[in-house]
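Notes for the structure review
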Amino acid sequence: MTFLSISNAVKTFGSNTVVKGFDLAVDKGEFVSFLGPSGCGKTTVLRMIAGFERPTSGRIMIDGRDVTDIAPNKRRIGMVFQAYALFPNMNVAGNIGFGLKIAGMGRAEIDARVQEMLDLIGLSHLAERFPYEMSGGQQQRVALARALAPKPQVLLLDEPLSALDAKIRVSLRSEIREIQRRLGITTVFVTHDQEEAMSISDRIVVMNGGRADQIGTPSEIYNRPTTRFVANFVGTLNTFDVTVVDPGRGHVSLEDQALMLHASPLSAKAGETLSIALRPEALRLGRCDTHEATLPARIEDVHFMGSIIRLRVMMAGVSVSLDTFNRPDMPTPLPGSMIEVSLSGKQAIVLRG
Amino acid sequence: MTLDASASSADTGAPRPRLAFGRHLDWNWLGVVPFFLFAFLFLIGPVLYLVVGAFQNAQGQFTFANILELGSPNMVASFSLTIRLSLLSAAMGAIAGLLLGQAVILGGLPPWVRNAFTTFSGVASNFAGVPLAFAFIATLGRLGLVTVLLRDLFGINLYASGFNLFSFFGVSLVYLYFQLPLMFLIIAPALDGLKQEWREAAEILGASRSQYWQMIGLPVLLPTILGCFLLLFANAFGTLATVYALMGSGFDVVPIVLFQQIRGNVLYNPNLGYALALGMVVIMGVSNTLYLILRKRAERWQK
Amino acid sequence: MKKRFPLVAILTALFAASFFIVPLIATFYFSLKMVRGELGFAAYASVFGSAAFLQTISYSTVASLIAIVIGAVIIVPTAYWVRLKVPHLRPVVEFISLLPLIVPPVVLVFGYIRLFGSSSWLPLTTTATGTDILLVIGYVVLSMPYMFRAVDNGMAAIDIATLTEAAESLGASRLRTIALVIFPNVRAAIISGAFLTFSISLGEFVLASLLNRPAFGPYLVQLGQDRAYEPAALAIMAFGFTWACMALMQLFATRKPGQRWLPRLTKPAAQRTTP
C-alpha cells in the first residue's frame, strides 16, 4: 500500500520550470531510486519531499498525512547528503544523538539508541572521533546512522555515494541496502549512476527534463525501456535499422536474415524501416541454435575487462559492442579477425520516438 | 669563501655537477642569506637588543628590576588602560563585524551589498592613523558636524549628555572605524564556510533556526570569533598614531608612554623603556600566536 | 527557515553603512567651511599652497618608493628561492616575514635608535642620510608581511617550480628563467604589494617622528594641532588616497598573468576545451 505519494508536483524557479508534473507512489518499505542526468529535476523532487523546496503546485503525502505545507523539522524524515554534512563540532556520538536530543529524549535513552546505531553501521569503536578524523566512507555511514536514529518515516539519500572512492562506493551501497531491508524503511535514493540505481533499488524512476520517463523494476528499465531516452541512458545499446516484413507477427529482416520481434504487432507497415536495439550481452559470438539470425562481422577493437571481454565489431554496416565471457582456456579474440555473430529478435528492444 | 660558493652554485644558474650531490653538499640555503641577514639586522637584532636590555641595569648587569618596575602603579595603570581599551574596541569590533557579516552574507541581501561592504572594508581597515582621528574630530568633536547638527536641529547636546570624543569611550569608537571592517573581512570566509547542508541536516533532524545557531552555527564559528577577537585586540594594542593625534601625549596608553619615553626620557630609567617594549611585544605575540592556533583549529573543522 | 523579507539584515547593513559614511560626509562638509558663511575648497587650496605640505609629501613619497624597491629586491628572490630550493625553510621565512605584525612600530624604532645610535658599530642615526636610510629600512620591515604574502600568493598561483623546470628543460639559464619567465608572471603580485606598502608608509607617523625626519606623518599631526579645516581636507584626501591604493592593489592582485589591461574589442577565437 502507498506510504509516500507525490501527486502532480510542479516546481518553478523564476521562469524556469524544473519539475513538470511529477507523480509517484512509493510503498511502505520500498527502495526507490531517482535516476537521471544532472538538471533532470531529481534532486528538486527529493528536496520537495524533505520540505526544503515548496512545490509550486501539487501535493505530497506521507502515511496518509498531507505534508506539503509542513516545515522540514516537523516531517519526521531522515536525510543523507552528498557531502556528508556531519556537524564538525560534534563527535560521532554527538552527531548521531543530535536528532534525539532535539526531540527531548533523556540522556540514557539517547546513549542506548546511539550505541544501537553505532552497532548497526559497525563503527562502535569510533564513537569519540570527530568528522575530520574519519574517511569519507566512515563519515557517510555516520551520516546514515544520524538520519536513522530518530526513527524517521522516510529516508532520503541525496547522491550519498558520489563523493566516495569507487571501491567504497560499491561496498557502502550494499551496506545501505542491507540496513534499509533490515529496518524496512521507505527510502528514496537519488543518483546519476545507472549501475548504482540498478543494483540497489526495488524500483527506478528514470527522470528526464523534469518528468518521470519510466518507472519500473531494474530489469524492466533495462530490458524493456519504453522511451529512447531511457534505453540510451541505461546501459549500452546497439542500434540497427531493420525492414518490416510482417508487422502482425513481428517479422522483420536485417541483411536478409529474418528476426521475430518480441513486441508484436508492430506499429510500422510492411516495407518500412524500424529501429531496434540490442544490448551487448544479447549478441552471441559464433553460431547458435536459439538465435535465429547469424551475420558475419569483423573485430575492430578488444577491451579485456576481466570476467567479460567487450568487443567492438563491425556488422550489418554499423559498429556495435558485444560482450562475451572470458574463458581462460580460449585465446583472446584479435582485432582484424573475421567472426560470426548471432542475434535473436526476442531480445531486441523496439525503439519509439 | 661562502660568498664565492653562492656565486658559483646558486646565482649563475650553471647546472651543478652531480658530484655535489654525491658529497652531500647543499649550498641552496645561501640563496636566502640576504633575507636572513636583513631580518636579523633590522628586525630581530633591534628587538633582541631591547629584550636583553630589559634584563639589565644601566651598568649592563643582569637584573629583574626593570621587569618588577612594570608593577609600579603608573605602569600598571598604563597597561590596564591599554588592555581595557583594546578589549573594549576588540569586543565592539568583533560583535559589530559578526552582526554585519551575518546580515550581509547570510541574511539574504543581494550580492552587490556584500561586494560594496567588502570593498569599503578593505579601505577602511587600512584607513587608520592621523587622518582617521581628523575625520572623527570633524564629525564628533566639540565643533564636529554631527555634534553641531544634533544640537541645532534636534536640540540634543551630545557633550552635555556625557559623550566626549576625547575620552576612553570616544577613542574606542574611533578604533571601531577600522576594527569593524577588519572583523568583517576576516570573519567572512568563516561565514561562507558554514555549509548550507549543516543547516538542512539540523533542520530535517527537527532543529529550529535558533537551535541550529546555538548547537552548530556558533560553536563552529567560536574558534574563528575568538581568534579574530585576539587579532583585533593586538591591532588596538599596537595603535599609536590614531590615539596620539586624537588625545595628544597625555593619554597614557602603553605605546604613547613608550613614545614619550623615547622622545624625551620621561621615564627616569631607560632600561624601564626596554621592559615596556618587551611587555608590548609579549602581549602582541601571545595574542597573535593564539589567533594562529585558533585559526588552525577552525580550518580543521571547515574542510 | 522560510525565506522572508530580510528586515533585520537590511537595518543592520544600513546602520553599518551610516557608521562608515557619516564621518566621511561630515569631514568633507567640514572641510568646505573654511571661509565663514560659504562652502568652498579654500582649505584644499591652503593645503596645496603650503610649502611644508609639498616638501613633506615629496619626502615621504620618495622614501616610500625606495622602500618598495628595496622590499621587492629582498622579498621576491627569497620567496622564489624558498619555493624552489629550500621549502623546508619556508616556515622560518614565513614566520620572520610575519614578525612585524607583533612588533609594534614604536618598539622597532626604539630598537633602531638604541642599536644604531651614536655609540653603535653602525651609527646610522648620527647623520641625516643615515637616518633617512633607517627610516626607509623601517618601512621595508613594516611592509614585509604584506609584500611577502602578495608575492608568495602570486608565485603559488603559477606553480613556480614546474615553470622553472620547464624553462630549464628548454635550455634557459637560471637568470634568464627569472628574468623572462618568473618575473613577468609575478609582476602583478609585486605591484599589488607595492601599493599596500605605499599606503602604509606615506602617512606613517611613529617612525618618522621618532627618527625626526621631515615626513608627511609628523607634518599631519602638527597641522592637526595648529589648524581646524585643513586637517579635515587632508583626511578626505587621505581616504581617497587609501581607496586608490587599495583599488590598484586589488586590480593587480586579481589580475591574471598576461591578462590585458582593457577588454578585447574583437572576440578571441573560441578556445578548445578539454572534456
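Residues numbered from 1 in each chain as written. Chains lettered and ligands numbered in written order. Predicted model: local features only at pLDDT ≥ 70, side-chain atom pairs only at ≥ 80, totals over all residues. Heavy atoms only, no water.

1. Some points on the nonpolar core
Rule in force here: Only buried residues count toward a nonpolar core. Its members are Ala, Val, Leu, Ile, Met, Phe, Trp, Tyr and Cys residues joined through side-chain atoms within 4.5 Å. Note on exposure labels: buried denotes an accessible area under 20% of the residue type's maximum, exposed denotes more than 50%, and partly exposed covers the range between, all computed with a 1.4 Å probe on protein chains only. The way it works is that DSSP assigns letters per residue, a run of H or I at least four long becomes a helix, a run of E at least two long becomes a strand, and they are numbered from the N terminus. It only takes one pair of heavy atoms within 4.5 Å for two residues to be counted as in contact.
Within the largest apolar cluster, 211 residues are counted, with the highest numbers of intra-cluster contacts made by F22, F34 and F98 of chain A, Y177 and I216 of chain B together with V106 of chain C. When residues of this core are assigned to their parent elements, the largest contribution, 15 residues, is made by helix α9 (residues 168-193) of chain B. Residues contacting F22 of chain A, with those up to four places away along its chain left out, are I6, S7, N8, A9, F34, V45, V205, M207 and A212 of chain A. If you look at the next biggest cluster of nonpolar residues, it comprises 34 residues, including Y84, A147, L164 and L172 of chain A.

2. Here's the deal with helix α8 (residues 174-202) of chain C
For the record, the criterion: Helices are assigned an expected span. That span is 1.5 Å times one less than the residue count. In this analysis the local bend is the angle between axes fitted, respectively, to the seven residues ending at and the seven residues starting at the residue.
Spanning 29 residues, α8 of chain C covers only 36 Å between terminal C-alpha atoms, well under the ideal 42 Å at 1.5 Å per step. At F183 of chain C, α8 of chain C shows its maximal kink, close to 50°; a proline, P184 of chain C, follows between one and four residues later.

3. Examining the arrangement of the chains
Contacts are most numerous, across the two pairs of chains in contact, for chains B and C. Between chain A and chain C there is no contact; the minimum C-alpha to C-alpha separation amounts to 8 Å.

4. A word on the interface of chain C and chain B
When the parts of a complex come together, some accessible area is lost, and that lost area is often used as the size of the interface. Keep this limit in mind: Summed over both partners, the accessible surface that disappears when two parts come together, traced with a 1.4 Å probe, is what is meant by buried area. Within this document, salt bridges are pairs made up of a side-chain nitrogen of Lys or Arg and a carboxyl oxygen of Asp or Glu, the two lying within 4 Å of each other. Distance and chemistry together define a polar contact, namely a pair of N or O atoms within 3.5 Å, with one atom able to donate a hydrogen and the other to accept it when in protein, and with adjacent residues in sequence counting only for side-chain atoms on both sides. Classification convention: Asp, Glu, Lys, Arg as charged; Ala, Val, Leu, Ile, Met, Phe, Trp, Tyr, Cys, Pro as nonpolar; all other residues, Gly among them, as polar.
Every contact between the two is made by 72 residues of chain C and, on the other side, 72 residues of chain B. Carbon and sulfur atoms supply 84% of the area buried between chain C and chain B, which totals about 6,600 Å² over both sides. For the pair chain C and chain B, the number of links is zero salt bridges. Our enumeration of links across chain C and chain B arrives at six residue pairs in polar contact (both at pLDDT 80 or more). Among the elements that line the side of chain C that touches chain B, the one with the most residues is helix α1 (residues 7-31) of chain C, at 15 residues. Its residues placed into classes, the side of chain C that touches chain B shows 59 nonpolar, eight polar and five charged.

5. Looking at the domain arrangement of chain A
Residue and element names in this part refer to chain A. Threshold: An automatic or database domain assignment is the source of the domain bounds shown.
The domain architecture assigned to chain A consists of domain 1 (2-233) and domain 2 (238-350). One C-alpha centre belongs to domain 1, the other to domain 2, and the line joining them spans 39 Å. Contacts between domain 1 and domain 2 engage seven residues on the former and seven residues on the latter. Across the domain 1 to domain 2 interface the summed buried area is about 570 Å²; carbon plus sulfur atoms make up 38%. Counting across the domain 1 and domain 2 interface gives zero salt bridges. Inspection of the domain 1/domain 2 interface yields two residue pairs in polar contact (both at pLDDT 80 or more). Within the residue set of the side of domain 1 that touches domain 2, elements represented by two or more residues are α7 (218-223) and α8 (228-233). With three residues, α7 is the largest single contributor of residues to the side of domain 1 that touches domain 2.

6. A short note on the domain arrangement of chain B
Residues and elements named next belong to chain B. Under the domain assignment used here, chain B contains domain 1 (2-54) and domain 2 (78-301). Between domain 1 and domain 2, the residue contacts involve five residues of the former and five residues of the latter. Across the domain 1/domain 2 interface, buried area totals approximately 470 Å², and carbon plus sulfur atoms make up 80% of it. When the buried surface of domain 1 facing domain 2 is broken down by residue, L50, G53 and A54 rank first, second and third, together holding 69% of it. Run the count over domain 1 and domain 2 and you get zero salt bridges. Linking domain 1 with domain 2 are one residue pair in polar contact (both at pLDDT 80 or more). Looking at the side of domain 1 that touches domain 2, its residues break down into four nonpolar, one polar and no charged.

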